[in-house]
Amino acid sequence: MTTGLDEGNWSVPEEPAPYAADPAAAPASWGPTLSPSGDAVAYVSDRSGEPRLWTSSVDGGSPVLVDTGPEPVESVKWSPNGEWIAVSIAPGGSDRTEIWVVRPDGGDLHQIGGFGRTNGWFGYWSHDGAWLAVAEADAVGWSAAHLIDPSTGWRVTVGEADLRAAIDVSRDGTMALVRGGPRSARWLEVVDIESGAARQLYPADGEGSTDVGRFSPDGTQVYVRTDVGRELPALVALPVGTVGTPRVVAERDDAELEYFTVSEDGGIVVLLWNEFGGRSAVSVLDLRTGEERRLSGLPGDVVGHPVLSTDASTITLSAESPSLPPTIWTVEVASCAAKPVTYPTPLAAAAIVPELHRFTAHDGLELTGWLYPGVGVTDAGPMVLHFHGGPEAQERPVWNPLFREIVSRGISVFAPNVRGSSGFGRAFVNADNIEHRHAGIEDVRSVAGYVVDAGLADPARLGVFGRSYGGYLTLVALTWFPDLFAVGVDTCGMSDLLAFYERTEPWVASAAFSKYGHPDDDRDLLHDLSPIHRIDRLRAPLLVVHGANDTNVPLYEAEQVVAALEARNAPVQYLRFEDEGHVILRKPSKIVYVRAVGAFLAGHLLP
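Let us look at the structure shown here. (Residues numbered from 1 in each chain as written. Predicted model: local features only at pLDDT ≥ 70, side-chain atom pairs only at ≥ 80, totals over all residues. Heavy atoms only, no water.)

Considerations on the sheet that holds strand 16 (residues 198-200)
What links the strands of a sheet is backbone hydrogen bonding, and the strands pair in either a parallel or an antiparallel sense. Overall, antiparallel pairing links the 4 strands, which are arranged 13-14-15-16 in an open sheet. Looking at strand neighbours, the two that pair on one side only are strand 13 (165-169) and strand 16, the edges of this open sheet. Strand-to-strand, the axes of this sheet are offset by a mean angle of 30°, without reference to chain direction. Here 4 bridges tie strand 13 to strand 14 (residues 175-180), and the two strands are oriented antiparallel to one another. Directly across from V169, in strand 14, lies its bridge partner A176. (Pairing = 2+ DSSP bridges. Helix = DSSP H or I, 4+ residues; strand = E, 2+ residues; numbered from the N terminus. Axes fitted to C-alpha atoms, helices over the stretch in contact; angles between N-to-C directions.)

What follows is the structure in structure tokens.
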């Protein structure tokens with residue numbers, strides 16, 4: 001089964017109707033960024049059918065589409081002087097993105113980064129809006145960190161080496177903050193823009209990662225998110241010069257720091273916490289008094305992209321829950337009153353409230369998982385295990401139209417966080433690295449054993465599905481443990497790790513060495529870990545889904561699985577989206593995907 005989709009056949013009403021019967025049609029809005037005056041917000045929304053740049057008044061009113069062309073938008077950031085909005089665009093939905101800038105009124109749209117086969121992404125604007133911090137990686141994997149003038153495209157290079165990315169610019173314009181290093185082992189360095197001299201803030205010794213940072217307003221220190229020397233990421237202040245020691249600003253023993261934003265005057269910082277299990281918490285810390293206050297009544301279970309107004313009176317953020325699609329809100333810091341900026345469509349069906357379960361793996365390590373009970377399921381019934389991507393991502397109680405589709409058909413979903421997931425500390429996220437991948441694979445069997453032994457699932461009607469690394473674990477589950485699963489859905493999963501390294505984007509490969517191993521040094525291990533070499537053991541019906549423009553996990557990974565199974569006359573179906581990449585972005589594609597997966601699973605798990 002192969003499909004190509006014509007986006008021109010899709011339209012969304014001005015005010016979307018209740019979507020209980022078709023959750024994939026629900027509009028989502030995310031990634032807010034404020035205008036300098038704080039009276040308008042720019043964000044990404046798929047309300048028109050695919051992700052585009054929109055602006056709205058923070059007080060509500062009709063949203064305005066800012067035309068940036070026909071390709072999907074991934075992220076946006078308003079310049080501090082109000083003159084530009086930076087836009088990350090994914091041609092064909094691919095993972096190679098371009099950087100464009102546009103006036104807030106839609107004028108003077110032009111590209112400033114990510115030309116040709118170069119991949120570009122951006123950090124923060126300089127305080128005066130004269131420069132945008134940018135990273136680019138070329139077709140052979142070489143990366144460079146730049147500061148780019150939005151008007152002319154003129155660029156100043158502040159770092160050239162593997163996996164370099166410009167993050168921030170000091171307020172006086174003399175220093176740049178640059179990130180380097182692979183996944184789970186990143187570091188930050190301060191670069192003198194005029195001389196090019198660089199000083200690393202934390203050693204790159206593999207004992208932790210420092211990946212998010214911002215200069216303080218006075219330029220004397222850098223605030224960073226780091227887990228160097230600790231188990232859970234915290235906010236630490238590091239001196240820019242050689243004098244001084246790191247100072248812990250905020251930490252918790254029951255939550256990871258996920259993100260932070262500092263006020264214009266440097267007096268307060270907004271902290272976004274990922275609490276055990278995956279729900280969000282937001283607190284405001286007064287840097288002058290040390291007083292930290294937690295905001296109550298957040299509009300969703302999981303929030304993201306908190307942006308503080310210039311006067312520090314309100315926070316703009318996105319919020320979502322299993323029954324609330326991603327929606328833009330403003331929250332008053334003093335009263336915690338929340339008000340929607342984008343239209344939160346009301347549900348016509350009962351809310352979904354997942355349950356957090358804790359259990360132990362084969363070696364005693366504690367794992368967790370979210371249970372979404374199927375409609376009408378009261379005892380051990382049909383169930384599918386969902387494995388998330390990453391593997392450093394995390395199953396959290398967010399909006400998931402596919403989960404809603406599946407549970408509405410009377411099939412439960414259990415979404416575990418196996419070792420390698422984020423949100424549970426440094427040791428846990430690194431517990432499946434390289435030679436420990438076999439332990440992560442064994443977690444699949446532990447999860448299956450738990451849901452059966454706990455009376456949550458019928459062992460004869462247990463399926464498995466996932467996307468990206470979750471697609472890889474789906475293929476692993478069906479080939480390592482073929483007797484456990486009755487059906488599977490692999491979306492954009494890796495089937496041959498060596499072939500993946502040969503065909504993926506070079507910067508993707510370089511960043512992955514610390515997680516999967518090196519294709520030269522660990523060749524035998526990567527061969528052993530690849531499901532394609534055990535494909536003859538796969539017996540369950542399989543649906544393979546992939547985007548033709550996927551440059552992260554190339555299409556070859558799917559097609560070799562389909563070819564191998566078809567050669568054996570094994571039950572396999574293939575759903576290919578011609579105009580999508582590693583992530584299904586366009587609404588018509590999402591609707592087809594959700595319906596196809598739901599029907600495929602129901603056809604094999606329900607009587």
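Next, the rest of the story.
Notes on the pattern of salt bridges
For the coordinates displayed, the defined rule picks out 37 salt bridges. Note that K339 is salt-bridged to D59, the shortest N-O span being 3.4 Å. Here K339 is found in strand 28 (residues 338-340), whereas its partner D59 is found in the loop between strand 3 (52-57) and strand 4 (60-66), with 280 residues between them in sequence. Relative accessible area serves as the criterion here: at 37%, K339 is assigned to the partly exposed category. We classify D59 as exposed; its relative accessible area is 61%. Across the pair D432 and K515 runs a salt bridge whose closest N-O atoms are separated by 3.7 Å. Taken as a pair, D432 in the loop between helix 2 (426-429) and helix 3 (437-453) and K515 in helix 6 (residues 506-516) lie far apart in primary sequence, 83 residues in all. For K515, a relative accessible area of 0% puts it in the buried group. (Salt bridge = Lys/Arg side-chain N within 4 Å of Asp/Glu carboxyl O. Buried < 20%, exposed > 50% of the residue type's maximum accessible area, 1.4 Å probe, protein only.)

Points about the pairing of strand 34 (residues 487-491)
Counting buried residues along strand 34, 5 of its 5 residues qualify, which places the element largely inside the surrounding structure. Residues V487, V489 and T491 line one face of strand 34 and the alternating positions G488 and D490 line the opposite face, and both faces are buried. Note: strand 33 (residues 457-467) against strand 34, 5 bridges, orientation parallel. In the strand pairing of strand 34, G466 is matched with D490. Viewed along the sheet, the connection from strand 33 through helix 4 (residues 469-480) into strand 34 turns out right-handed. (Right-handed = clockwise from strand over helix to strand, strands pointing away.)

Considerations on the nonpolar core
Of all hydrophobic cores here, the largest spans 63 residues; its most connected members are M383, L385, F414, V451, Y472 and F485. Top contributing element to this core by residue count: helix 4, with 8 residues. Apart from residues no more than four positions distant in its own chain, L385 is found in contact with F414, V447, A448, V451, L462, G463, V464, F465 and F485. Counting 29 residues, the second-largest nonpolar core is a separate cluster that includes L402, V487, L543 and Y593. (Core = buried A, V, L, I, M, F, W, Y, C linked by side-chain atoms within 4.5 Å. Contact = heavy atoms within 4.5 Å.)

Observations regarding the packing of aromatic side chains
Evaluated as defined, the whole model comprises 12 aromatic pairs. Judged by centre distance (6.0 Å) and plane angle (45°), the ring pair of F414 and Y450 falls under tilted. With a gap of 36 residues between them, F414 in strand 32 (residues 412-417) and Y450 in helix 3 connect regions that are remote in the sequence. Like F414, the residue Y450 is buried in the burial classification. A cation over an aromatic ring shows up here: R214 above the ring of Y124, its NZ or CZ 3.6 Å from the ring centre. Taking the ring centre of Y556 as reference, the NZ or CZ of R503 above it sits at 3.8 Å. (Phe/Tyr/Trp six-rings, centres within 6.5 Å; stacked < 30°, edge-to-face > 60°. Lys NZ or Arg CZ within 6 Å of the ring centre and 35° of its normal.)

Remarks on helix 8 (residues 556-567)
The first and last C-alpha atoms of helix 8 sit 16 Å apart over 12 residues, in line with the 16 Å expected at 1.5 Å per residue. Those residues of helix 8 that sit buried are E557, A558, Q560, V561, V562 and L565. Tucked into the core, helix 8 has its buried residues touching helix 4, helix 5 (497-503), strand 35 (542-547) and strand 36 (572-577). Of the residues flanking the end of helix 8, it is N569, one or two places downstream, whose phi is positive at about 60°. (Expected span 1.5 Å × (residues − 1).)

A word on the side chain of S143
Along the chain, the position of S143 falls in strand 11 (residues 143-148). Judged by relative accessible area, S143 falls into the buried class, the value being 1%. Side-chain polar atoms of S143 contact the backbone nitrogen of L163, separated by 3.2 Å. Each residue touching S143, except ones within four places of it in the same chain, is listed here: E136, A137, G159, E160, A161, D162, L163 and R164. (Polar contact = N/O pair within 3.5 Å; in protein donor to acceptor, adjacent residues only side chain to side chain.)

Structural notes on helix 4
Along its 12 residues, helix 4 runs 16 Å from first to last C-alpha, staying within 8% of the 16 Å computed at 1.5 Å per residue. Counted residue by residue, helix 4 has 12 buried out of 12 residues, so it is predominantly covered. The set of residues buried in helix 4 consists of Y469, G470, G471, Y472, L473, T474, L475, V476, A477, L478, T479 and W480.

Considerations on the packing of helix 1 (residues 401-408) against helix 9 (residues 587-605)
Where helix 1 contacts helix 9, the two axes come as close as 9 Å, and the packing angle between them is 35°. For the crossing formed where helix 1 meets helix 9, the hand is right-handed. Where helix 1 abuts helix 9, its residues P401, L402, E405 and I406 lie against Y593, V594, V597, G598 and L601. In the contact of helix 1 with helix 9, the residues fall into 7 nonpolar, 1 polar and 1 charged. (Left-handed = near helix turned anticlockwise from the far one by under 90°. Nonpolar A, V, L, I, M, F, W, Y, C, P; charged D, E, K, R; others polar.)

Regarding the pairing of strand 5 (residues 73-78)
Summarising the sheet, strand 5 and strand 6 (residues 85-89) pair through 5 bridges and their orientation is antiparallel. Bridging from a neighbouring strand, W78 pairs with I85 of strand 6. From the end of strand 5 to the start of strand 6, which pair antiparallel, there are 6 residues, and G82 there has a positive phi angle of about 80°.

Some thoughts on the sheet that holds strand 11
With antiparallel pairing, the 4 strands of this open sheet are ordered in space as 9-10-11-12. Only two strands of the sheet have a single neighbouring strand rather than two, namely strand 9 (119-125) and strand 12 (155-160). Going across the sheet, the axis of each strand differs from the next one's by a mean of 25°, ignoring polarity. Direction of pairing for strand 11 relative to strand 12: antiparallel, over a ladder of 5 bridges.

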